[in-house]
Amino acid sequence: MLKYIKLARVPQWIKNLFVFVPLLFSQHIFNKAYLLPAISAFLMFCLVSSIVYVFNDIVDIEADRAHPTKKDRPLPSGSISIQNAVITIIVLAVLVALFLPALNVRFRIFLLSYFLLNIFYTFIFKHIVLLDIFSLAAGFMLRVMAGAFVISVEVSSWLILTTMFISLFLGIMKRRSELVLINDEPNKNTRKVLASYSLNFTDQMATIAAAGVIICYALYTVAERTTKLFNTDHMIYTTPFVVFGIFRYMFLVYMNKKGENTVEIMLTDIPMIINVVLYIVATILIIYRFS
């Protein structure tokens, strides 16, 4: 069973938590009428993202066999056959088909858009410079928008922009980590699009994206719509957590040469975990205490 969990990349499901962003900021996180659809949306994205991961592994099986780390994945290593991987996709797709009708049409459109985006990414977008990073960012934005539509609430434009910049930032830092890997071990087999990037170029993009995250989030906390909605201007005090998170991530990438696996950082770096927990607690206390 563990090899199928690895095949479905269950730890990567943490990325789908972006679906809960509109719920948190809509002041309905403790309301079952809103919470249950949001949880259903999260599970749908988990299933669909696993379908994409398995499909991508089937398509890239030969390239992964030549990769120093990806060769240990269930498909390229041979611990799971292509036939069983296809069966896994079918089972996951059946589960999606069974539970998806319970969610509204607009959510289904965004979930389908997310799936199609990833299919195009697998075959086309990941081979085109910049478009590969923007495709990753679009995936996160679709999660946030889908999370808003599934509970029928509006999401702030500043929050959408913050999501875009933070996902661009993570994508750029991932590319930078891969470039460092090439420089350290030139014979390693890596994605071809990296030939179009350089450390200097990724550093400049990362600086712009990091600034975009901080500026957009700060403007969100003091926006007139935000202060009226939460009946307080105290959200500004959550900004230091966002700034620390960005700087901590940059420290791990630049100084500790991490960043190729975003999920690993989020699940293993203690200061980052503490910062995220404190941010969530502070946000809930401010939004639900002062509203």
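All figures in this text were calculated on a predicted structure; none of them were measured in a lab.

Undergrad: Any chance you could explain the overall build of the protein chain here in plain terms?
TA: In terms of helices and strands, the protein chain carries 14 helices and zero strands. Order of helices (α) and strands (β) in the protein chain, N terminus to C terminus: α-α-α-α-α-α-α-α-α-α-α-α-α-α. The C-alpha radius of gyration of the protein chain comes to 20 Å, within 12% of the 19 Å expected for a compact globule of 291 residues. Along the longest, intermediate and shortest principal axes, the C-alpha atoms of the protein chain span 55 × 45 × 30 Å.

Undergrad: Quick question: what am I supposed to make of the nonpolar core here?
TA: Soluble globular proteins tend to pack their nonpolar side chains together in the buried interior. Residues Phe25, Met44, Phe107, Phe169, Met235 and Tyr249 are the most contacted members of the largest nonpolar core, which totals 77 residues. The element contributing the most residues to this core is helix 3 (residues 32-59), with eleven residues.

Undergrad: Whenever I open this one, a nonpolar patch on the surface confuses me. Can you help?
TA: On the surface, Val59, Leu112, Leu116, Phe120, Phe123, Ile124, Ile128, Val129, Leu130, Leu131, Phe134 and Phe201 cluster together into a nonpolar patch covering about 970 Å² of accessible area. Counting only elements with at least two residues in the nonpolar patch, the list comes to helix 7 (105-123) and helix 8 (131-150). Of the residues forming the nonpolar patch, the biggest block, four residues, is contributed by helix 7.

Undergrad: Quick question: what am I supposed to make of helix 3 here?
TA: With 28 residues, helix 3 extends 40 Å between its outermost C-alpha atoms, agreeing within 8% with the 40 Å of an ideal straight helix rising 1.5 Å per residue. If you check the start of helix 3, you find a side-chain oxygen 3.0 Å away from the backbone N of alanine 33, and it comes from asparagine 31.

Undergrad: Would you explain the environment of alanine 102 in this entry?
TA: In this structure, alanine 102 sits in the loop between helix 6 (82-99) and helix 7. In this structure the C-alpha to C-alpha distance between alanine 102 and proline 37, which are 65 residues apart in sequence, comes to 8.8 Å.

Undergrad: Please clarify how the packing of aromatic side chains should be interpreted in this entry.
TA: Each aromatic ring pair is summarised here by two numbers: the centre-to-centre distance and the angle between the ring planes. Under the criterion given, the structure shown has 13 aromatic pairs. Ring plane angle 75° and centroid distance 5.9 Å describe the contact between phenylalanine 45 and phenylalanine 107, whose orientation is recorded as edge-to-face. Of this pair, phenylalanine 45 sits in helix 3 while phenylalanine 107 sits in helix 7; the two residues are 62 residues apart in sequence, bridging distant segments of the chain. For the pair phenylalanine 45 and phenylalanine 107, one class covers both residues: buried. Look at phenylalanine 45 and tyrosine 114: their rings are 5.1 Å apart centre to centre, the planes differ by 65°, and that puts the pair in the edge-to-face class. Highlighted residues: phenylalanine 45 in helix 3 and tyrosine 114 in helix 7, separated in sequence by 69 residues. Given the relative accessible area of 0%, phenylalanine 45 is considered buried. Aromatic ring contacts, followed pair by pair, group Phe25, Tyr217, Tyr220 and Tyr279 into a single cluster. Its guanidinium or amino end placed over the ring of phenylalanine 140, arginine 143 lies 4.8 Å from that ring's centre, counting from NZ or CZ.

Undergrad: I'm lost on the environment of asparagine 261 in this one. Help?
TA: Along the polypeptide, asparagine 261 turns up in the loop between helix 12 (239-254) and helix 13 (262-268). C-alpha of asparagine 261 to C-alpha of methionine 173: the two residues are 88 residues apart in sequence and 9.8 Å apart in space.

Undergrad: Teacher, can you tell me more about unusual backbone geometry here?
TA: Excluding glycine, a negative phi dihedral is what most residues carry, and trans is how most peptide bonds are arranged. Positive phi, close to 75°, is recorded for leucine 130, a residue that is not glycine. Along the polypeptide, leucine 130 turns up in the loop between helix 7 and helix 8. A relative accessible area of 32% means that leucine 130 is categorised as partly exposed. The backbone phi angle of asparagine 231 is positive, close to 60°, even though this residue is not glycine. Structurally, asparagine 231 can be placed in the loop between helix 11 (224-230) and helix 12.

Undergrad: Would you explain helix 7 in this entry?
TA: Because each turn of an α-helix spans 3.6 residues, side chains separated by three or four positions end up pointing in the same direction. Counted at 1.5 Å a residue, the expected span for helix 7 with its 19 residues is 27 Å, and the 27 Å between its end C-alpha atoms agrees. Those residues of helix 7 that sit buried are Phe107, Phe110, Leu111, Tyr114, Leu117, Asn118, Ile119, Tyr121 and Thr122.

Undergrad: What should I look at first to understand the side chain of threonine 283 in this one?
TA: By the element assignment, threonine 283 lies in helix 14 (residues 270-290). Beyond its immediate sequence surroundings of up to four residues, threonine 283 is in contact with Leu24, Phe25, Met235 and Thr238.

Undergrad: Can you help me understand the pattern of salt bridges in this one?
TA: Working definition: two side chains of opposite charge can pair if their charged atoms are close together. Inspection of every chain in the model, using the stated rule, returns 13 salt bridges. For arginine 9, the salt bridge goes to aspartate 57, with nearest N and O atoms at 2.5 Å. Highlighted residues: arginine 9 in the loop between helix 1 (2-7) and helix 2 (21-25) and aspartate 57 in helix 3, separated in sequence by 48 residues. Each member of the pair, arginine 9 together with aspartate 57, is buried. In this structure, the salt-bridge partner of aspartate 60 is lysine 126, at a minimum N-O distance of 2.5 Å. On the criterion of sequence distance, the pair formed by aspartate 60 in the loop between helix 3 and helix 4 (61-65) and lysine 126 in the loop between helix 7 and helix 8 is long-range, its members being 66 residues apart. Lysine 126 matches aspartate 60 in its accessibility class, with the two residues each being buried.

Each value, and the rule that gives it
Residues numbered from 1 in each chain as written. Predicted model: local features only at pLDDT ≥ 70, side-chain atom pairs only at ≥ 80, totals over all residues. Heavy atoms only, no water. Helix = DSSP H or I, 4+ residues; strand = E, 2+ residues; numbered from the N terminus. Rg over C-alpha atoms; globule rule 2.2 N^0.38 Å. Core = buried A, V, L, I, M, F, W, Y, C linked by side-chain atoms within 4.5 Å. Buried < 20%, exposed > 50% of the residue type's maximum accessible area, 1.4 Å probe, protein only. Patch = residues over 30% accessible without salt bridge, like charges linked within 9 Å, V, L, I, M, F, W, Y side chains within 5 Å. Areas by Shrake-Rupley, 256 points an atom, 1.4 Å probe, with all protein chains shown as cover. Salt bridge = Lys/Arg side-chain N within 4 Å of Asp/Glu carboxyl O. Expected span 1.5 Å × (residues − 1). Polar contact = N/O pair within 3.5 Å; in protein donor to acceptor, adjacent residues only side chain to side chain. Phe/Tyr/Trp six-rings, centres within 6.5 Å; stacked < 30°, edge-to-face > 60°. Lys NZ or Arg CZ within 6 Å of the ring centre and 35° of its normal. Contact = heavy atoms within 4.5 Å.

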